[in-house]
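So you can see what is in the structure, the chains are spelled out below.
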Amino acid sequence: MRLLILSNNNGQGHNTAAMALVEAAEARGAMAVVIDSMLFESPAKSELYEKAHIEGALHAPRLFETGNHLAERMEGAGIRSPEYHATSRHAEAALRFIQGNAFDCIAATHIFAAQLLTHLRPALGDAVKTAFIPTDYTYVPFTSETFLSVYFLPHRALLEQYRKSAPGRNYVVSGIPTSRRRLQRMERAEARAALDLPQDVPVALIMTGSMGFGSVQPLAEALLAQSPPETRILVLCGRNDALMRALRQAFPDDARVQPLAFTDQIGLYFSAADVLLSKPGGLSSTEAAVAEIPLVHTTPIPGWEEDNVRFFTDAGLSLSGNTPEEMAAAAAHLLRDPDAAAEMRRRQRAEINKEAAADIIRALDD
């Protein structure tokens, strides 16, 4: 199999899922490549979408909710999305790349890429298998505009919603792909030693996504007030240097709060922590469940992330709250109640497929 994975820079989760597929493909002896589908139009377009996503999430998150509602209304009225027409303009460039490199399987981890593949299907024919892999626990608007060989869904609970909104497709429940290498676990004592953390105190990990999203300082303050007094709070700030500086200024003399820069050693931090407070992206939530770490969802970006919170909390895979104080109380509960933490881990094992990446690659390669 020669696999091309088309991703998009509208959120790092799409790229992380794509790289998990590459890892699983290579483990099976297949060749796999990831490319941002927007690059077929221009690098400037790719950069524009990435910047708009980050700026919107940090400074105008309600725009995501507005855009999602607009997309749902347009799809319900049978109106084609602007991106469906836009992706047609660079279909010829994508086709040349695909045919020039003899790919026989193409997977999309973003709806824009799935729309692009739909334009290419007549030229590719049945010899090239095509797939869409959504990375949120909800129906992705405009999936009904796409016609691909197979759709790999995050969970069985979404089947009815997809069949109703985009009927007649080949749906396979697989889970969201995660990387074994990225989530490689180690013993807690070893992880804490590597991070220079005390062995005998509770550790809370706050993840803010690659962009450093959320009201982190009030959350850290609430955690200090409600958690056991010796609790260490690690804050992964992503690439948000302003957030790093703000936290260092807010807690200059309190060693219990440690702001940390972007890291690709997420498995190390998961291994060291007792509870995770995380922005509710679909991929990051899946990684937490795969790692079996008690999870509290922090404030979602309006739209799909709100759906992720509902799915996880309804299934007992996470707790959440409407304020920093409520989120901190949920985390403190999981720190103080080993039975509650163990039950959440049990539900994570039961509901989330740890082998999703390998299962998807196996299905594509058959």
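Residues numbered from 1 in each chain as written. Predicted model: local features only at pLDDT ≥ 70, side-chain atom pairs only at ≥ 80, totals over all residues. Heavy atoms only, no water.

**Some thoughts on the sheet that holds strand β3 (residues 105-108)**
Strand order across the open sheet formed by 6 strands is β2-β1-β3-β4-β5-β6, with parallel pairing between neighbours. Of all strands in the sheet, those with a lone pairing partner are β2 (31-36) and β6 (171-173), marking the two edges. Each neighbouring strand pair of the sheet contributes to a mean axis angle of 25°, computed without reference to strand direction. Examined bridge by bridge, strand β4 (residues 129-132) and strand β5 (residues 150-153) share 2 bridges and lie parallel to one another. Across the sheet, A131 pairs through a bridge with V150, a residue of β5. Relative to the sheet, helix α6 (residues 111-124) contacts β1 (2-7), β3 and β4, its axis offset from that of β4 by approximately 160°. Running over the sheet, helix α16 (residues 356-365) touches β1, β3, β4 and β5 and is turned about 165° from β5. (Pairing = 2+ DSSP bridges. Helix = DSSP H or I, 4+ residues; strand = E, 2+ residues; numbered from the N terminus. Axes fitted to C-alpha atoms, helices over the stretch in contact; angles between N-to-C directions. Contact = heavy atoms within 4.5 Å.)

**Observations regarding the side chain of T118**
Within the element layout of this structure, T118 appears in helix α6. For T118, a relative accessible area of 11% corresponds to the buried category. Excluding residues that lie within four positions of it along the chain, T118 makes contacts with Y84, E145, T146, F147 and L148. (Buried < 20%, exposed > 50% of the residue type's maximum accessible area, 1.4 Å probe, protein only.)

**What to know about helix α15 (residues 338-351)**
The terminal C-alpha atoms of α15 lie 20 Å apart, and with 14 residues this matches the ideal 20 Å at 1.5 Å per residue to within 8%. Looking at α15, one finds that the buried residues are A341, M344 and Q348. The arc that holds every buried residue of α15, seen down its axis, measures 60°, which confines them to one face. Among the exposed residues of α15, those pointing more than 90 degrees away from its buried face are P338, D339 and A350. Contact partners of the buried residues in α15: α12 (282-291), β11 (295-297) and α14 (324-336). Structurally, the start of α15 carries an N-cap: the backbone nitrogen of D339 is 3.1 Å from a side-chain oxygen of D337. (Expected span 1.5 Å × (residues − 1). Arc of directions from axis to C-beta. Polar contact = N/O pair within 3.5 Å; in protein donor to acceptor, adjacent residues only side chain to side chain.)

**Observations concerning the pattern of salt bridges**
This structure, assessed with the given rule, holds 17 salt bridges. Residue R310 pairs with D307 through a salt bridge whose shortest N-O separation is 2.3 Å. Note that R310 and D307 are positioned in helix α13 (residues 304-314) at a spacing of 3 residues, about one turn of the helix. By relative accessible area, which is 18% here, D307 ends up buried. Among the charged side chains, a salt-bridge network with shared partners connects R28, D365 and D366. (Salt bridge = Lys/Arg side-chain N within 4 Å of Asp/Glu carboxyl O.)

**Details of the packing of α14 against α15**
The interhelical angle for the contact between α14 and α15, taken along N-to-C directions, is 100°, at an axis separation of 5 Å. Relative to α15, the element α14 lies roughly perpendicular. Contacts between α14 and α15 involve H333, L334 and R336 on the former and, on the latter, P338, A340, A341 and M344. Its residues assigned to classes, the contact of α14 with α15 shows 5 nonpolar, 1 polar and 1 charged. (Parallel < 35°, antiparallel > 145°, perpendicular 65-115°, else oblique. Nonpolar A, V, L, I, M, F, W, Y, C, P; charged D, E, K, R; others polar.)

**A few points about the nonpolar core**
Grouped together as the largest cluster of nonpolar side chains are 58 residues, with contacts concentrated most on L205, F270 and L277. If near-sequence neighbours (up to four positions away) are discounted, L277 is found in contact with A204, L205, I206, M207, L219, L223, V296, T298, M327 and A331. Within the second largest apolar cluster, 34 residues are counted, among which are L95, L116, V128 and A166. (Core = buried A, V, L, I, M, F, W, Y, C linked by side-chain atoms within 4.5 Å.)

**Observations concerning the pairing of β1**
The buried fraction of β1 is high, at 5 of 6 residues. Sheet analysis places β1 next to β2, joined by 6 bridges and oriented parallel. Following the sheet pairing, L3 is matched in β2 by A32. The handedness of the β1 to β2 crossover, carried by helix α1 (residues 12-27), is right-handed. (Right-handed = clockwise from strand over helix to strand, strands pointing away.)

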